[in-house]
Each structure stands twice: as structure tokens, then as C-alpha cells.
Amino acid sequence: PEGVRPEVAAAVGDWRAYVEAKMGFRNHWYPVRFSNELAEGQLITLQVLGEKLLLKRIDGKVYAIRDRCLHRGVPLSRKPDCYTKDTITCWYHGYTYRFQTGELVNILAVPDSRLIGRRKIQSFPCQEAKGLIFVFIGDMDPVPPLSQDVPPGFLDDDVMILGKHRVVNSNWRLGAENGFDALHIFIHKDTTLRHFRTFNFPIGHTPLPGAVQVVEDADGPKGVIDDFAQHKPIWDGVIDGRVVVRGPRSQQVQGTSASVGTSIWLPGVLKVEQFPLPGLTQFEWYVPIDGKTHLYVQTIGQQVQTDEDRQDFASNFESIYKPHGLDGFNADDIWAREVTEPFYADDYGWVDEMLCEPDTTILEWRRLASRANRGVQTPQDLR
Ligand code: FES
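Residues numbered from 1 in each chain as written. Predicted model: local features only at pLDDT ≥ 70, side-chain atom pairs only at ≥ 80, totals over all residues. Heavy atoms only, no water.

Student: Just to check I follow, could you spell out the side chain of E353 for this structure?
Tutor: Summarising the element assignment, E353 is placed in the loop between α5 (349–352) and α6 (360–372). Within the local environment of E353, its side chain forms a polar contact with the side chain of R366, the two groups lying 2.7 Å apart. (Helix = DSSP H or I, 4+ residues; strand = E, 2+ residues; numbered from the N terminus. Polar contact = N/O pair within 3.5 Å; in protein donor to acceptor, adjacent residues only side chain to side chain.)

Set out below in C-alpha cells:
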């Protein structure tokens, strides 16, 4: 696993922890799969923050343990031997672990071993909410509530959430910054979203004083809010006095932008209001898989009251929001992140980049993340 160049971390001043968090911030909750992807009794493997995990659903509840035998370090998943519903036995010499606790409950080939009942494989708290499985990567005790690690509104009772996930070949921070980056609106000037909704999308916009708000309440989520209503929009791109590109603009729509604002929250989750259509909210996570890839968990939330509302939302999600928003619009974001990755891969990008005025919002996020995180995931944490 990747360490971070100390000379780069030392050079960035008040956002050092952010540069060090190449594999993410530990002691936070991360969504890793949708609940309907893990059936009763099913076992899956996945990687998050460099940790290789085994997840199993037992009597309805999800449990996660590290996918590495205590004896000689082999992956249990190489040949999963589950002789009872809540244990897994290592295929090599028979070390047997209980999913709920991680406890070494037996060594089938050495039933009298003094190790039995006295050792534990690392286990990770799991919680399901809004149809997603969240895993807490860390060792903090007590474990902070999930509500501190999701954007405001996500857990509201009347909000229904649907979504998808996919692997993106870039560091998680390039995902977070692409989403929150006010200036990246430029990449979306040709978005396919224009074909099914009318909206005003400047080619750029710079936050005016007061647009950016940092939220750091002790008991709530920590994040940075950027209010698009307080931005100065740029509609025409001009070279040598000639307009060469125009942002889509319609008289039918009030306001300057598609959304009223974006916000980014620890440990790396974006909230976009009134998007991809008015009345909807997009919540999306950039979950570190390792230092080079992240799981892009894209969800859309809508307030629903009745079963009919729920059915309408589900049907519109499949026919409109997913194809045009999560697949169409966000495809631009994905390739941008993957093309940005090589510049930052050896860490020098963090000092060689040349940010400009609207990028101050990104710097606010880097600073907030550096002071409000609960720990940096390092290669040592994977031992
Ligand atoms: Fe797992 Fe020996 S390596 S029991």
C-alpha cells in the first residue's frame, strides 16, 4: 500500500492531513454496497481504505471481518469453508472465526490449542440505512453515530434513496474535488442532460463573499457548503474579442444555475440540491478502495409520502434519472477524474497544481477535512 511523500505533506501547510489521507480517513462510516446486493447467508468480499473485507448477512444482519487468517495471513475468501452459518473456517489449517465478534472459536485441526477463545480477527461495525450497507473502518470505541458521517437530510424519514455504484480509476480525493469544484461546471457545457430538461448553466462561476459556509458542529456532520445563488456567473467564453462558447441559458428558468448549491462532508460525500431535476437531491460518495481507485456510490433522494410516490420515483429513476443523470451527466466527471489521476499519483500534484480564484472552495474543504477527520488511514493500519 502507498505511503505519502513526506516532503509534499510538509509543503502544504494547513491541509497536511488531507494530503496524507491517500487511502482515506479512518474511524468513519462508508457505504460499500446496496442492501439488496447481499442476500441472507451470502458472503461477499470487497476492499475499502485498503482493507480487504468479508461481509456476510446472518439472520438479517450484516457482519464484516478482515479477509486474512491470523495463522499465516492467507485470504479466507480463497476457498470459503462455512460449516455453520455464523462461522468461517480457514481452508488451510482450520482456524475458525465467529462473524459476529471475530473471535477464534476453534482450530479444527488443533482443538486443544491455547489460542482458542483468546484471539480475535479484526471485525468492523456494519449498519444499514436507506438501502445501503455502511461499514465503519477503524477501531474507535464507542463508534460515532452514522448520522455524523452523512450529509444533512440523507437520513430523513420521508426521503427515499435509490442509486448505483461503480469503480473509478482515480484517488478518492479527485472524486470529492471534482464533485465540489465550482469551476468544473465548464466540463458540463455539452451535457446530455440538456436534452431532457431546460436549465441555465454558465460556463463558469466564482463564489462571492458569503457563498461558502463551513459547518463544524460537534455532534453533527462536518462539511463545507457552497451556495450557487451567491456566485458571479460567466456565460460567454471569449478569445481575442470573439465569443467562442456559450453556456446554455433559457428565459424560462429563473436563476443562474441548475442547482441551488453543493456541499461536501466528511468522510467524502457530496450533496447536490435540486439535482439532477428540481425536487431531487443527489448524494454521492467517493469511497477509497486503495490509493488509486475509489468506489463511486451515486444516489438520488426524493421525498415520498405514499406507495404511489415510491413507485413513481423508482420508475423515473430507472427511465430518466439513472440514464441521463448518473450515467450521462456524471460520465464526464468520471473520465475527468481518471485523466487527472496521473498528475497526482506520485503526490507532487498537490504542490505543482496552479489553482485559481474559484478553487478557494476546494481549499476550504481540504482544510476542514484536515482538522475535523477522526484519523488518517496508513499502511500500518492494514497490518
Ligand atoms: Fe489459516 Fe493456517 S493459514 S489456518
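On we go.
Student: What am I meant to see in the environment of K222 here?
Tutor: Following the sequence through the fold, K222 ends up in the loop between β13 (212–215) and β14 (223–227). In sequence terms K222 and A369 are 147 residues apart; their C-alpha atoms lie 8.2 Å from each other. Once residues lying within four places of it in the same chain are set aside, the contact partners of K222 are Q148, V215, E216, D217, I264, W265, L266, L368 and A372. Side-chain polar atoms of K222 contact the backbone oxygen of D217, separated by 3.1 Å. Polar contacts involving the side chain of K222 include one to the main-chain carbonyl oxygen of G220, which spans 3.0 Å. (Contact = heavy atoms within 4.5 Å.)

Student: Would you explain the pattern of salt bridges in this entry?
Tutor: Charged atoms that come close allow side chains of opposite charge to pair. Applying the stated criterion across every chain yields a total of 19 salt bridges. Each of D14, E364 and R367 takes part in salt bridges that share partners, so that together they form one network. (Salt bridge = Lys/Arg side-chain N within 4 Å of Asp/Glu carboxyl O.)

Student: Can you help me understand empty space enclosed by the protein in this one?
Tutor: If you roll a probe as big as a water molecule over the atoms, it shows you where there is empty space left. Counted under the stated rule, the structure contains one cavity of 30 Å³ or more. In this structure, the largest cavity spans a volume of roughly 240 Å³. Lining the largest cavity we find 22 residues, and of these G179, H184, T262, V272 and F329 sit closest to its centre. The set of elements that each furnish at least two residues to the lining of the largest cavity consists of α3 (172–180), β19 (269–273), β20 (281–288) and α4 (307–345). Split into classes, the residues belonging to the lining of the largest cavity amount to 10 nonpolar, nine polar and three charged. (1 Å grid on protein atoms, 1.4 Å probe; cavity = no way out; pocket = protein on both sides within 12 Å on 5 of 7 lines; lining within 4 Å. Points joined across faces, edges and corners; volume = space filled by probe spheres on them. Nonpolar A, V, L, I, M, F, W, Y, C, P; charged D, E, K, R; others polar.)

Student: I keep staring at the sheet that holds strand β3 (residues 51–58) and nothing clicks. Help me out?
Tutor: What the four strands build is an open sheet, ordered β2-β3-β4-β8; its pairing is antiparallel. The strands lining the two open edges of the sheet, one partner per strand, are β2 (43–48) and β8 (123–124). Relative to β8, strand β4 (residues 61–66) runs antiparallel, the two sharing two bridges. Paired with A64 across the bridge in β8 is F124. (Pairing = 2+ DSSP bridges.)

Student: Hey, could you run me through the state of the cysteines in this one?
Tutor: Cysteine pairs can be linked by a disulfide, which is a covalent bond between their two sulfur atoms. Using the criterion set out here, one finds zero disulfides in the structure. Note on C82: no disulfide assigned, nearest cysteine sulfur contributed by C90 at a separation of 12 Å. (Disulfide = S-S within 2.5 Å.)

Student: Please clarify how the packing of α3 against α4 should be interpreted in this entry.
Tutor: The description of two helices packed together rests on the angle between their axes and the distance between the axes. Where α3 contacts α4, the two axes come as close as 9 Å, and the packing angle between them is 130°. Considering their axes alone, α3 and α4 lie oblique with respect to each other. Between α3 and α4 lies a crossing whose hand is right-handed. Contacts between α3 and α4 involve L174, G175 and N178 on the former and, on the latter, D333, A336, R337, T340, E341 and Y344. (Axes fitted to C-alpha atoms, helices over the stretch in contact; angles between N-to-C directions. Parallel < 35°, antiparallel > 145°, perpendicular 65-115°, else oblique. Left-handed = near helix turned anticlockwise from the far one by under 90°.)

Student: What am I meant to see in the confidence of the model for the protein chain here?
Tutor: Per-residue confidence for the protein chain averages 94 on the pLDDT scale, and 96% of its residues sit at or above 70. Interface confidence for the predicted complex, given as ipTM, is 1.00, next to a pTM of 0.95. (pLDDT = per-residue confidence, 0-100.)

Student: Sorry if this is basic, but what is going on with the layout of surface pockets here?
Tutor: Of the pockets and cavities examined, the largest pocket occupies roughly 360 Å³. Forming the boundary of the largest pocket are 16 residues, of which E177, N178, D181, H184 and T340 lie nearest the centre. Considering every element that reaches the lining of the largest pocket, the biggest residue donor is α4, with four residues. Its residues placed into classes, the lining of the largest pocket shows seven nonpolar, three polar and six charged.

Student: What is the right way to read the sheet that holds strand β5 (residues 87–89) from this model?
Tutor: Whenever strands of a sheet pair, they do so through backbone hydrogen bonds, lying parallel or antiparallel. Taken in spatial order, the three strands of this open sheet run β5-β6-β7, and their pairing is antiparallel. The open sheet has two free edges, formed respectively by β5 and β7 (104–107), since each of these has just one partner strand. In this sheet, neighbouring strand axes are inclined to one another by 20° on average, regardless of whether the strands run parallel or antiparallel. Two strands pair when backbone bridges link them, and strand β6 (residues 95–98) and β7 are joined in this way by three bridges, in the antiparallel orientation. Looking at the pairing, Y95 lines up with I107 of β7.

Student: It is not clear to me how the packing of aromatic side chains should be interpreted in this structure. Could you clarify?
Tutor: Any two aromatic rings considered together are summarised by their centre-to-centre distance and by the angle between their planes. Across all of its chains, the model carries 17 aromatic pairs by this definition. When the centroid spacing of 5.9 Å and the interplanar angle of 85° are considered together, the rings of Y18 and W365 count as edge-to-face. Residue Y18 is found in helix α2 (residues 16–20), and its partner W365 is found in helix α6; the two are separated by 347 residues along the sequence. The class for W365 is buried, based on a relative accessible area of 0%. Taken together, the ring pairs in this structure connect W15, Y18, F25, W172, F343, Y344, W350 and W365 into an aromatic cluster. The aromatic ring of Y18 is capped on one face by R173, whose charged end is 6.0 Å from the ring centroid. Geometry around Y296 places R337 over its ring, the cationic atom sitting 4.0 Å from the centre. (Phe/Tyr/Trp six-rings, centres within 6.5 Å; stacked < 30°, edge-to-face > 60°. Buried < 20%, exposed > 50% of the residue type's maximum accessible area, 1.4 Å probe, protein only. Lys NZ or Arg CZ within 6 Å of the ring centre and 35° of its normal.)

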